[in-house]
Amino acid sequence: MNSKSYWNARFQTETEYDWFGSYDDIRPLIEPHLIAAASKQQQRSPSILILGCGTSTLSSDLYRAGYCDVTSVDYSEVVIEKMRRRHPELTWQVVDVHDLSAFKSDTFDVVIEKALIDIFLVGVTDQWRLKAEKAAELAGICSEVSRLLNPIGGVFVSVTFSPPHFRKMVYASRRFGWSVDVDSMEGRTGSLEFFVYVMRKGQELSAKDQQFEDDLNKEDTEEVEHVEIEDNNIFNMFI
């Protein structure tokens, strides 16, 4: 599911798909942050970046709701060309979220991802403790998003199935220069509860989240020390 060939093949036939429902379904949790971003920019339409847009109607729904400055990216050339033909009034770019260097720093007032980070975690068997390589991959994405956000009121909105203990391991870090708030919402009939995380650039993590990060870093240090001790014990067997 993480391969480009999989998504290109899927997008060849997929007409439309929205994780967690349409914009109208999640609007109560997202729109207040869009309005706040517009207010901070003296009522101009906030500049919005949609990561991993796929065939979602989110970009066009936002446009119809009055948000005219919307840029949508995906690493699939197939889906970008399809969406560009469908909605030429919007901006579509082939961009891999692991490398957002196509955009200058402080460019966007709002960045939105909907299930993109979830997809990167498909196949991860232990989300209680991410492997170093996966943790570094997600931290790299977050660092790039933070770089792109307007330092005055910029927000990163993430919609996910992942509850706070797991997702705050990704988002709650001082290195990104943002605060983390979370809300939840019942999905459409028969679907699971999902969460909306809002990261505000230029605000500090809460004391609770700072402690969460410190405890996590302490666990990482203790785990490394434990491994080093085990390695030394194995080595000593051969002396």
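Everything numeric in this text was worked out from a predicted model, so none of it was measured.

1. Comments concerning the overall build of the chain
Okay, step 1: What the chain contains, in helices and strands, is eight helices and seven strands.
Okay, step 2: Buried residues in the chain amount to 46% of all 239 residues.
Okay, step 3: A fraction of 68% describes how many contacts in the chain between residues 6 or more apart in sequence connect residues 24 or more apart.
Okay, step 4: When the accessible surface of the chain is summed, it comes to about 12,500 Å², and 53% of that surface belongs to carbon and sulfur atoms.

2. Observations regarding the packing of aromatic side chains
Okay, step 1: As enumerated under the stated definition, the model contains twelve aromatic pairs in all.
Okay, step 2: Residues Y171 and Y197 carry aromatic rings whose centres are separated by 5.9 Å and whose planes lie at 65 degrees to one another, so their mutual orientation is edge-to-face. One end of the pair, Y171, is in helix α7 (residues 164-171); the other, Y197, is in strand β7 (residues 194-201), with 26 residues separating them in the sequence. You'll find Y171 and Y197 in the same group, each marked buried.
Okay, step 3: Consider the rings of F195 and Y197, whose centres lie 6.5 Å apart with planes at 40 degrees: the pair is tilted.
Okay, step 4: The buried category is assigned to Y197, whose relative accessible area is 0%.
Okay, step 5: Through a chain of ring-to-ring contacts, three or more aromatic side chains come together here, namely F156, Y171, F176, W178, F195 and Y197.
Okay, step 6: One Lys or Arg, K4, reaches over the ring of Y75 and ends 5.8 Å from the middle of that ring.
Okay, step 7: Between the NZ or CZ atom of R10 and the centre of the ring of Y17, over which it lies, the distance is 5.3 Å.

3. A few points about the nonpolar core
Okay, step 1: Ranked by internal contacts, the top residues of the largest apolar core, which has 36 residues, are L51, V145, Y171 and W178.
Okay, step 2: Every element with two or more residues in this core is listed here: β1 (48-51), α5 (116-120), α6 (132-148), α7, β6 (178-185), β7 and α8 (207-236).
Okay, step 3: Top element by residues in this core is α6. It accounts for six residues.
Okay, step 4: The next biggest cluster of nonpolar side chains, apart from the first, holds 31 residues, and it includes F11, I48, L58 and V155.

4. Notes on helix α1 (residues 4-13)
Okay, step 1: All buried positions along α1 are accounted for by W7, N8, R10 and F11. Along the axis of α1, the buried positions cluster into a sector of 165 degrees, meaning they face one direction only. Exposed residues pointing more than 90 degrees away from the buried face of α1 are listed as S5, Q12 and T13.
Okay, step 2: Summarising the contacts, the buried residues of α1 are in contact with β2 (70-74), α4 (77-86) and α5.

5. As for the pattern of salt bridges
Okay, step 1: Per the counting criterion, the structure on display carries 15 salt bridges.
Okay, step 2: For R27, the salt bridge goes to D24, with nearest N and O atoms at 3.7 Å. Residue R27 and its partner D24 are both found in helix α2 (residues 23-40); the two are separated by three residues, about one turn of the helix.
Okay, step 3: For R27, a relative accessible area of 28% puts it in the partly exposed group.

How each quantity is defined
Residues numbered from 1 in each chain as written. Predicted model: local features only at pLDDT ≥ 70, side-chain atom pairs only at ≥ 80, totals over all residues. Heavy atoms only, no water. Helix = DSSP H or I, 4+ residues; strand = E, 2+ residues; numbered from the N terminus. Buried < 20%, exposed > 50% of the residue type's maximum accessible area, 1.4 Å probe, protein only. Contact = heavy atoms within 4.5 Å. Areas by Shrake-Rupley, 256 points an atom, 1.4 Å probe, with all protein chains shown as cover. Phe/Tyr/Trp six-rings, centres within 6.5 Å; stacked < 30°, edge-to-face > 60°. Lys NZ or Arg CZ within 6 Å of the ring centre and 35° of its normal. Core = buried A, V, L, I, M, F, W, Y, C linked by side-chain atoms within 4.5 Å. Arc of directions from axis to C-beta. Salt bridge = Lys/Arg side-chain N within 4 Å of Asp/Glu carboxyl O.

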